[in-house]
Every structure is written in structure tokens, then in C-alpha cells.
Amino acid sequence: MRVILDTNVLLGALISPHGPPDAIYRAWRAVRFELVTSLAQLDELRRVSRYPKLKAILPAHRIGTMVNNMQRAIVLEHLPTLPEGDEVTDPNDAFLLAMALAGDADYLVTGDRRAGLLQSGSIGRTRIVTPAAFCAEAL
């Protein structure tokens, strides 16, 4: 099973060590599924982790460890342009949908209810679900 974790889920795993995002991250580390990421997402993770709000609660070495771990995932170097009609409310999330298509993912897990990804429910064969729903269905 191939899974994409939205950056907010990855950060959630570091912020709250007992919630669904952490359970998902630990399941990947235990090789219960294949994680699909991209150079774009790794760059976003590094950039977002430098925001003052996150720097105050997340030590840089924890982000660094996560980024290093993610180098062992399926890392997509180039992402395709989204097909006509596959649009997102938040253009900053377009790369997630491109990852889903390029990575032939089974799931895209996101906690962002405002971006419109969850409302669409799927892209191609990829189901878009919350961390809690993923835990209930797949773990």
C-alpha cells in the first residue's frame, strides 16, 4: 500500500506523540506501508518548520531526523502538471495531488479541512482521508 502524508500530518506526528498522525508515522517506520514523498514536500517540511510558531515547539533536530528518515521513502523528483479539472482550493496543495497521481498512491492522508482536499474524496485511484479515518481503515 502506498501512502502520501500531508505535511500537516507529518508535523502533527512530531507535535502530538499520541495522536493518529504519530500512529501513522510509526506504522510507516515499522514498514506497514510505503510512504511516497517528493523533493517539493521535503522542501516544504524544511521551510514550514522554520516558522516562529513551530520553531518554538519543535527542535530543529527532530525535523532533521524526520527529513532524513523520509529519504528512505519513495521520493519523487519531478511532479507532473495536474490534469484539467483536477483543481484545488489552495494552490499550495497542488503538489500533493500531483504526488498522488505520479506515485500511484492508495491514500492521501491530510488533516487540512479548509483546503478542499477532503471534500473531493479522491483523485484518480487515491482516496483522500483524515488521519483518524486512515488509522481505522488501513492500520
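Residues numbered from 1 in each chain as written. Predicted model: local features only at pLDDT ≥ 70, side-chain atom pairs only at ≥ 80, totals over all residues. Heavy atoms only, no water.

*Asks:* Run through the packing of helix H3 (residues 39-48) against helix H6 (residues 94-102), naming residues and quoting values.
*Replies:* Between H3 and H6, whose axes approach to 10 Å, the crossing angle comes to 145 degrees. As for how H3 packs across H6, the hand of that crossing is left-handed. The segment H3 lies against H6, with Ala 40, Gln 41 and Glu 44 engaging Phe 95, Leu 96 and Met 99. Among the residues making up the contact of H3 with H6, the classes are represented as four nonpolar, one polar and one charged. (Axes fitted to C-alpha atoms, helices over the stretch in contact; angles between N-to-C directions. Helix = DSSP H or I, 4+ residues; strand = E, 2+ residues; numbered from the N terminus. Left-handed = near helix turned anticlockwise from the far one by under 90°. Contact = heavy atoms within 4.5 Å. Nonpolar A, V, L, I, M, F, W, Y, C, P; charged D, E, K, R; others polar.)

*Asks:* Outline the sheet that holds strand S5 (residues 122-123), supporting the account with residue identities and numerical values.
*Replies:* The strands that make up a sheet pair up through hydrogen bonds in the backbone, lying either parallel or antiparallel. The strand order across the open sheet built from six strands is S3-S2-S1-S4-S6-S5, with neighbouring strands paired in mixed fashion. Looking along the sheet, the strands with just one partner apiece sit at the ends: strand S3 (74-76) and S5. As paired elements, strand S1 (residues 2-5) and strand S4 (residues 107-109) share three bridges and run parallel to each other. Looking at the pairing, Leu 5 lines up with Val 109 of S4. Relative to strand S2 (residues 34-38), H6 is tilted by about 130 degrees, and along the sheet it contacts S1, S2, S3, S4, S5 and strand S6 (126-129). (Pairing = 2+ DSSP bridges.)

*Asks:* Tell me what's going on with the side chain of Thr 130, and back it up with residues and numbers.
*Replies:* Structurally, Thr 130 can be placed in the loop between S6 and helix H8 (131-138). For Thr 130, a relative accessible area of 16% gives the class buried. Within the structure, Thr 130 has its side chain in polar contact with the backbone nitrogen of Ala 133 (distance 3.1 Å). With sequence-adjacent residues up to four places away left out, Thr 130 is seen in contact with Val 109, Thr 110, Arg 113 and Leu 118. (Buried < 20%, exposed > 50% of the residue type's maximum accessible area, 1.4 Å probe, protein only. Polar contact = N/O pair within 3.5 Å; in protein donor to acceptor, adjacent residues only side chain to side chain.)

*Asks:* Go over the pattern of salt bridges with me, naming the residues and quoting the values.
*Replies:* If you walk through the whole model with that rule in mind, you get seven salt bridges. Salt-bridge contacts for Glu 34 lead to Arg 2; the nearest nitrogen and oxygen are separated by 3.6 Å. With Glu 34 in strand S2 and Arg 2 in strand S1, this pair connects stretches of sequence that are 32 residues apart. Classification of Glu 34 as partly exposed rests on a relative accessible area of 39%. Among the ionic pairs, Asp 104 bridges to Arg 125, the shortest N-O distance being 2.7 Å. Taken as a pair, Asp 104 in the loop between H6 and S4 and Arg 125 in the loop between S5 and S6 lie far apart in primary sequence, 21 residues in all. Given a relative accessible area of 40%, Asp 104 falls into the partly exposed group. For Arg 125, a relative accessible area of 47% puts it in the partly exposed group. One network of salt bridges, with partners in common, ties together Asp 104, Asp 106 and Arg 125. (Salt bridge = Lys/Arg side-chain N within 4 Å of Asp/Glu carboxyl O.)

Remember that the coordinates give geometry; whether it matters functionally is a separate question.
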